[in-house]
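Observations on the model geometry
So you can see what is in the structure, the chains are spelled out below.
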Amino acid sequence: MTDKSQAELLALERKYCSWGDTVHYLDPPKSFARSEGSFLYDHDGVPYLDLQMWYSAANFGYANPRLHRVLTRQLETLPQLACQYLHAEKVELAAAIGRLNASRFGMGGRVHFNVGGSQAIEDSLKIVRNATGKTLVFAFMGGYHGRTLAASAITSSYRYRRRFGHFSDRAHFVPFPYCFRCPYEKKVEDCGLYCLKQFEQSFDTEYNSFWDPKAGESEFSAFYVEPIQGTGGYVIPPPGYFAGLKKILDERHILMVDDEIQMGFYRAGKLWAIENFGVAPDIVVFGKALTNGLNPLSGVWAREDLISPAVFPPGSTHSTFSSNTLGTAVGLDVVRMTEECDYEAITRRKGAYFLARIRDLQGRYPKVIGHTDGMGMALRIEICGEDGFRPDRDLADRIFAEGMKGDLHARGRRMGLVLDVGGYYKNVFTLAPSFTITEQEIDLGIEALDQLIRRCAPDRV
Ligand SMILES: Cc1ncc(COP(=O)(O)O)c(C=O)c1O
């Protein structure tokens, strides 16, 4: 709590806070006082329906009472402990994820903890380098894996590297099957997964630079994938793509590293989004919703032969806070919740309802919404020009900013709407609502979006 006014806090922020660790989408930046369920509340008590839930970190609702109880209990028993000592929650959480993955992927493995998504990505790079002796990896155009130096090197945007140069090998970026804007200008109905064939052809001859046919070896050790691109705009690949990709990789002894940091923990209707595509990855990286956005914790699960202590010995990576007691206690309860409650059914049902309502909206405003899609509760709305295709970033920005004013009126109450803009052209609303959202709240969100479109694009409705 603070006795400072909002104006005083903003003045202090301008003077003392680095802006390097954040993004100011609004001027002045917005500040909130309270959060609960699907809502953030500003300092006047105005509710803002949050359709993005902290980039999918708070999947189980803000101030989730069950997780708060677990955190409080842990605070009262073992709030701190150096990671060299064991505590039950760490071991049980690793075992739970190990068992879940064994049942899904048919392989034994181990779990390694850290405190942020990017750090877990860094750890996975060490596991890959250690196992293969190689430093080069593939990653997707439009992919996002974090902003530490090594994570930036495998994230598609040069923007995140321009000021800092290289500290690691830049990934080779491969086009993602973004069918609405196919990089090869094909149509998904009859393309025969042309993009996959293009990738496979890279290995046809040594002169394509990836493959030594005499040694039967690729220069690349792994392919980092997001099964559904998050920051890239919740882009869902066509059926068959990932199964085909995994086959190409397996035949060439290239590992698949599955980044589930944003899509994991049922965002896309399954524990891991990759399960939607019938693929068993070699490594899974996770974070965010593992603790519902409470005490930070991230992790890497890897196949036993990649991570067993015999090959990846103690101290290969280390962080003071890596398996912190508060994070592991909440993480363990999140995993238990997912085992006790059928989140697959919940996210499929609520996601289908939401997508149907978004498609109604698209039908009403075809000169504003060019594309919609969804899997589980990962939903996308692509804001386009009157032709339904040209990305309209300005309009997306205006709708976002207007929602944050908190002066919409729906169902007899004043409210705001929290959206996040992503996508290759920054024109996509990436919707990641809370799993606790009700149908009435989804309807409220649609009503708010409808008002925002009418306000921001009156000439196109
Ligand atoms: C898919 C994906 N990977 C990695 C990261 C980086 O995670 P963190 O921001 O916790 O470092 C993110 C964050 O948005 C992400 O969405």
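Summarised in this report is the structure supplied together with it. (Residues numbered from 1 in each chain as written. Predicted model: local features only at pLDDT ≥ 70, side-chain atom pairs only at ≥ 80, totals over all residues. Heavy atoms only, no water.)

Some remarks on the pairing of strand 9 (residues 220-225)
Burial analysis of strand 9 places 6 of its 6 residues in the buried class, which makes it a mostly covered element. Relative to strand 9, strand 5 (residues 136-140) runs parallel, the two being bridged by 4 bridges. Note that in strand 9 the partner of A139 across the bridge is Y224. For strand 9 and strand 10 (residues 255-259), the ladder comprises 4 bridges, and the chain directions are parallel. Opposite F223, over in strand 10, you have M256 as the bridge partner. Read as a crossover between parallel neighbours, the route from strand 9 over helix 8 (residues 241-251) to strand 10 is right-handed. (Buried < 20%, exposed > 50% of the residue type's maximum accessible area, 1.4 Å probe, protein only. Helix = DSSP H or I, 4+ residues; strand = E, 2+ residues; numbered from the N terminus. Pairing = 2+ DSSP bridges. Right-handed = clockwise from strand over helix to strand, strands pointing away.)

Structural notes on the pairing of strand 3 (residues 47-50)
Judged by which residues are buried, strand 3 turns out to be covered on both faces: P47 and L49 on one side and Y48 and D50 on the other are all buried. Sheet topology note: the strand 2 (residues 39-41)/strand 3 ladder contains 3 bridges and is antiparallel. Residue pairing across strands places L40 opposite Y48, the latter belonging to strand 3. Following strand 2, the chain reverses through 5 residues before pairing antiparallel with strand 3; G45 in that reversal takes a positive phi of roughly 85°. Here strand 3 pairs with strand 16 (residues 413-418) via 3 bridges, running parallel. What sits directly across from Y48, in strand 16, is G416.

Notes on the pattern of salt bridges
Going through the model one piece at a time under the given rule, you end up with 28 salt bridges. Across the pair R357 and D443 runs a salt bridge whose closest N-O atoms are separated by 2.7 Å. Placement of the pair is R357 in helix 11 (residues 343-364) and D443 in helix 13 (residues 439-456), with a sequence separation of 86 residues. Ionic pairing is found between D392 and R460, a salt bridge with its closest N-O pair at 3.0 Å. Taken as a pair, D392 in the loop between strand 14 (378-383) and helix 12 (393-403) and R460 in the segment after helix 13 lie far apart in primary sequence, 68 residues in all. R460 carries the same exposure label as D392, and that label is buried. It is possible to trace a salt-bridge network through shared partners that takes in K246, D250, D282, R303 and D305. (Salt bridge = Lys/Arg side-chain N within 4 Å of Asp/Glu carboxyl O.)

Some points on the nonpolar core
A general tendency of soluble globular proteins is for nonpolar side chains to be buried together. Grouped together as the largest cluster of nonpolar side chains are 112 residues, with contacts concentrated most on F242, L245, L417 and F429. The greatest single-element share of this core, amounting to 8 residues, is contributed by helix 13. If you look at the next biggest cluster of nonpolar residues, it comprises 24 residues, including V137, A139, A150 and I261. (Core = buried A, V, L, I, M, F, W, Y, C linked by side-chain atoms within 4.5 Å.)

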